[in-house]
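Close look at the chain arrangement
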Amino acid sequence: MRVIKYIGSKRILVPRIVALAQAAAAHGRPGRRRSITACDLFCGTTRVAQGLKRAGFHVTANDTAWYAEMLATAYVATDSRKVRRRALEAKIARLNALPGRRGYATRTFCEEARYFQPANGRRIDAIRAELENVADGPAERAILLTALLEAADRVDSTTGLQMACLKAWAPRSFTRLELRLPDLIAGRGAAVRMDANALARAMEPVDVAYADPPYNQHSYHSNYHAWETIVRNDSPEAYGVARKRADCRTTRSAYNSRKLAWDALSALVHDVPARHLIVSFNDEGFFTRAAITRLLADAKGEVATMPVAHRRYVGARIGIYNPRGEKVGRVSHVTNHEFLFIAGPGALQIADQVSASSGAARG
Ligand SMILES: C[S@@+](CC[C@H](N)C(=O)[O-])C[C@H]1O[C@@H](n2cnc3c(N)ncnc32)[C@H](O)[C@@H]1O
């Protein structure tokens, strides 16, 4: 799976989340249903949405970022079987052969800041301009833009955040930027760019919803402003050493505000029309684990918690809670900071089943 560097990305956790979603969708419903549905409310790189789509879910992938919408349109909404692969490869070859051209990206991201080598900045400018002429329809446009984001990510000179530049150029930044056809996935899905709370109020019911909201004050819009600008192609006024888009000053997510985040999350959990809800959570953010557990128990009844390690598939269901959110189980592995919650009918049994099949120890 080819995907951009993204803070908080759930790359390592995808198999676990997908296993939980599958077990949840199957729970209490013997026999196959015609179709199973899922919504990734804060999809970011779309890694989780892609995993769910590969597992047979009809997935709606949502995020407020324009770049996330492009990734979702390419990977989730587009059926790889309907793509004219030969034609796309020819277009990619044509874009790769363009001579560089100094434009907004070169000036802003390579001269005023140092996210890319100027030669690659000129290639980004040339490809971005021509892409609109060669793309035949929204799906092709999203696929080519995804190819451009991934190509830029492979040759950037950042630590993964578009905030400060490295003192010396990263070795990968000397490589020539080259587009490659993204690994598209068979099947149908949907890409949405909405506030997750607004979507939760408006969407059709789904079997499973997955929520991975920002958990502290750091704004994704600011951290990934260059991806946003490359996709929007709107040459915004830029400020500061990081040359961020002017709208980084005003674009705020409620989830980045200590004051607003709890009400936003509470409303989301109560509004989302999903039989089961899976939530990613980090205990170094605004909320405590106990508070989230109570919230989920209140909205969905049964809740199970699985601690998950950052780099290894180590995990166990450590907290056992009754429907009132009171802890009735033993706690271990207290050093874990990342957790997955599953809430809804049979949550404890679902978490047990997934823990057992992933070989994880139980708490
Ligand atoms: C922790 S990241 C999600 C990472 C994702 N699960 C992945 O594996 O790539 C949180 C995401 O929430 C998005 N976001 C922030 N506020 C939002 C809101 N109110 N509605 C929808 N998306 C939002 C951000 O743009 C960011 O992509």
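Details of the structure are given in the entry above.
Now for a quick tour of the structure.

**A word on the pattern of salt bridges**
- Under the defined criterion, the tally for this structure stands at 17 salt bridges.
- Of the charged contacts in the structure, one is a salt bridge between E130 and R94, with a shortest N-O distance of 2.8 Å. One end of the pair, E130, is in helix 6 (residues 118-134); the other, R94, is in helix 4 (residues 85-96), with 36 residues separating them in the sequence.
- Measuring nitrogen to oxygen at the nearest pair gives 2.7 Å for the salt bridge that ties R245 to D234.

**Describing the packing of aromatic side chains**
- With the rule as written, the count across this model stands at ten aromatic pairs.
- Residues Y104 and F109 carry aromatic rings whose centres are separated by 6.1 Å and whose planes lie at 85° to one another, so their mutual orientation is edge-to-face. With respect to class, Y104 is no different from F109; both count as buried.
- Between the aromatic rings of F281 and F339, the centroid separation amounts to 6.1 Å while the plane-to-plane angle is 35°, which identifies the pairing as tilted.

**A look at the side chain of D79**
- Note that D79 resides in the loop between helix 3 (66-77) and helix 4.
- Since its relative accessible area comes to 7%, D79 is described here as buried.
- Only 2.8 Å separates the side chain of D79 from the side chain of R81, close enough to count as a polar contact.
- Engagement of the side chain of D79 in a polar contact is seen with the backbone nitrogen of G187, the distance being 3.1 Å.
- Those residues within four positions of D79 in sequence are excluded, and the remaining contacts are I185, A186, G187 and R188.

**Quick notes on the site of the ligand**
- Close to the ligand lie 20 residues; Y6, T45, D63, D212 and S253 are nearest.
- At 2.7 Å, a side-chain N or O of D63 approaches an oxygen atom of the ligand.
- D195 places a side-chain nitrogen or oxygen 2.8 Å from a nitrogen atom of the ligand.
- Its residues assigned to classes, the shell around the ligand comprises nine nonpolar, seven polar and four charged.

What counts and how
- Residues numbered from 1 in each chain as written.
- Predicted model: local features only at pLDDT ≥ 70, side-chain atom pairs only at ≥ 80, totals over all residues.
- Heavy atoms only, no water.
- Salt bridge = Lys/Arg side-chain N within 4 Å of Asp/Glu carboxyl O.
- Helix = DSSP H or I, 4+ residues; strand = E, 2+ residues; numbered from the N terminus.
- Phe/Tyr/Trp six-rings, centres within 6.5 Å; stacked < 30°, edge-to-face > 60°.
- Buried < 20%, exposed > 50% of the residue type's maximum accessible area, 1.4 Å probe, protein only.
- Polar contact = N/O pair within 3.5 Å; in protein donor to acceptor, adjacent residues only side chain to side chain.
- Contact = heavy atoms within 4.5 Å.
- Near = heavy atom within 4 Å.
- Nonpolar A, V, L, I, M, F, W, Y, C, P; charged D, E, K, R; others polar.

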